[in-house]
Amino acid sequence: MDLEDYYRILGLRSGASFADIKASYRRLVQQYHPDINPNDLKAKDKFITVTEAYKFLQTVLPPEEIKLPSNDIKTHVSPPTEVKTQPAATKTTVTFHPPNLEDIEQRLKWKTYEQLQRFLQERRFPQAIALAEALLARLPADKEVRQWLAIAYQIWGRALITEKQLPKARIYLKKALKTDPYNKTLWNEVQQDFQSLGLKL
């Protein structure tokens, strides 16, 4: 699945806000929850799919979008008190700087990396690839992210070899090389994979 598929599962268009994602998720979970639909396997599958889509979108949304609404945060400002017997105190201005964009991108990057590792360990290769592709689209100049995507392609290609899906395996192994063309280790490993199958690059 690609990123748009996850939005579609929640009944949303690509790029919907986190508030819309959360509202749609809550509505669908109430509709398909196993407690509400006992012995309904289709409802259970839908519940699992919706939950996975919600969790996935949380990993790819910018951290600044996943925050409490402003009306959830209550603030109280006391009125200034004047003391007539003393000169007025010098006002102190406190400036709040928004988080550095680079810091936000780095947090997103490593949070996504952790999720990518989980997908690969669970052998959920299409989800891992969709996640890595989305991250590379956001950080196209990041060499590490490019390498992660290439490795995800390679791992999926090797899994397809074991499943005897050789034409599809060849596509993903070639994608790995195209994504990270200067990685000599990757080239050597993929070349060995092709030789073991009696195929040419």
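None of the values given here were measured: they were computed from a predicted structure.

**Observations concerning the overall build of the chain**
Looking only at helices and strands, the chain has eight helices and zero strands in total. The N-to-C order of helical and strand elements in the chain reads α-α-α-α-α-α-α-α. In the chain, which comprises 201 residues, the proportion classed as buried is 35%. Once local pairs closer than 6 in sequence are excluded, the contacts in the chain between residues at least 24 apart make up 54%. When the accessible surface of the chain is split by element, carbon and sulfur atoms take 53% of a total near 14100 Å².

**Let's talk about the packing of helix H2 (residues 18-32) against helix H3 (residues 41-60)**
Their axes nearest at 9 Å, the elements H2 and H3 cross at an angle of 165°. The orientation of H2 relative to H3 falls into the category roughly antiparallel. As for the relative orientation of H2 and H3, their crossing is left-handed in sense. Within the contact between the two elements, H2 uses Phe-18, Ile-21, Lys-22, Tyr-25, Leu-28, Val-29 and Tyr-32 and H3 uses Ala-43, Lys-46, Phe-47, Val-50, Thr-51, Tyr-54, Leu-57 and Gln-58. Per-class residue counts for the contact of H2 with H3 are 11 nonpolar, two polar and two charged.

**Some points on the nonpolar core**
In terms of nonpolar packing, the biggest core is built from 50 residues, with Leu-10, Phe-56 and Leu-57 touching the most fellow members. Among the elements of the structure, helix H1 (3-9), H2, H3, helix H4 (101-121), helix H5 (125-138), helix H6 (143-162), helix H7 (166-179) and helix H8 (184-196) are those that each provide at least two residues to this core. For this core, the element with the highest residue contribution is H6, accounting for 10 residues. Among all residues touching Phe-56, those that are not within four sequence positions of it are Leu-3, Tyr-6, Phe-119, Gln-127, Ala-130 and Leu-131.

**Looking at the packing of H6 against H7**
Relative to each other, H6 and H7 sit at 165°, their axes nearing to 8 Å. In this view, H6 runs roughly antiparallel relative to H7, as classed from their interaxial angle. Here H6 and H7 pass one another in a crossing that is left-handed. The residues of H7 that touch H6, namely those facing Arg-146, Leu-149, Ala-150, Tyr-153, Gln-154, Trp-156, Gly-157, Arg-158, Leu-160 and Ile-161, are Leu-166, Lys-168, Ala-169, Tyr-172, Leu-173, Lys-175, Ala-176 and Thr-179. Taken together, the residues that form the contact of H6 with H7 break down as 11 nonpolar, three polar and four charged.

**Some thoughts on the packing of aromatic side chains**
As enumerated under the stated definition, the model contains 10 aromatic pairs in all. Relative to Tyr-54, the ring of Phe-18 has its centre 6.2 Å away and its plane inclined at 25°; by these criteria the two rings are stacked. You can see Phe-18 sitting in helix H2 and its partner Tyr-54 sitting in helix H3, a full 36 residues away along the chain. In terms of burial, Phe-18 and Tyr-54 fall into one category: buried. When the centroid spacing of 4.0 Å and the interplanar angle of 5° are considered together, the rings of Tyr-25 and Tyr-54 count as stacked. Residue Tyr-25 is found in helix H2, and its partner Tyr-54 is found in helix H3; the two are separated by 29 residues along the sequence. Taken together, the ring pairs in this structure connect Phe-125, Tyr-153, Trp-156 and Tyr-172 into an aromatic cluster.

**Side note on the pattern of salt bridges**
Going through the model one piece at a time under the given rule, you end up with eight salt bridges. Here Arg-124 ties to Glu-122 by a salt bridge, and the two come within 2.9 Å at their closest N and O atoms. Residue Arg-124 is classed as partly exposed on the basis of its relative accessible area, which comes to 21%. Two residues, Arg-158 and Asp-193, come together in a salt bridge whose shortest N-O distance is 2.9 Å. Of this pair, Arg-158 sits in helix H6 while Asp-193 sits in helix H8; the two residues are 35 residues apart in sequence, bridging distant segments of the chain. Three or more residues joined by partner-sharing salt bridges are found here, namely Glu-4, Asp-5 and Arg-8.

Quick notes on the rules
The numbering scheme is per chain: residues are counted from 1 as the chain's sequence reads. Restriction of local features to residues with pLDDT of at least 70 applies here, the model being predicted, together with a cutoff of 80 or more for giving and counting side-chain atom pairs; totals for whole chains, interfaces and linings are based on all residues. Computation of side-chain values covers all heavy atoms of the structure but excludes hydrogens and water. The helix count covers DSSP runs of H or I at least four residues long, the strand count covers runs of E at least two residues long, and both are numbered beginning at the N terminus. Accessibility here uses a 1.4 Å probe with only protein chains present; expressed as a share of the type maximum, an area under 20% marks a residue as buried, one over 50% as exposed, and anything in between as partly exposed. Throughout, a residue-residue contact means that at least one pair of heavy atoms, one from each residue, lies within 4.5 Å. The method behind every accessible area is Shrake-Rupley, applied with a 1.4 Å probe, and residues are considered shielded solely by the protein chains displayed. In this analysis, axes come from line fits to C-alpha atoms, helices being fitted only over the stretch in contact, and the angle between any two N-to-C directions falls in the range 0 to 180 degrees. Comment on the angle field: the value is read as roughly parallel under 35 degrees, roughly antiparallel over 145, roughly perpendicular from 65 to 115, and oblique elsewhere. Should the near helix be turned anticlockwise from the far one by less than a right angle, the crossing is left-handed, and should it be turned clockwise, the crossing is right-handed. Three categories are distinguished: nonpolar for Ala, Val, Leu, Ile, Met, Phe, Trp, Tyr, Cys and Pro, charged for Asp, Glu, Lys and Arg, and polar for the others, with Gly belonging to the last. The nonpolar core is taken to be a set of buried Ala, Val, Leu, Ile, Met, Phe, Trp, Tyr and Cys residues, with the residues joined through side-chain atoms within 4.5 Å. Pairs were defined over the aromatic rings of Phe, Tyr and Trp, the Trp ring being its six-membered one, requiring ring centres within 6.5 Å. Orientation was assigned from the angle between planes: stacked under 30 degrees, edge-to-face over 60, tilted for the rest. By salt bridge we mean one thing: a side-chain nitrogen of Lys or Arg within 4 Å of a carboxyl oxygen of Asp or Glu.

By themselves, these are just geometric observations and shouldn't be taken as functional.
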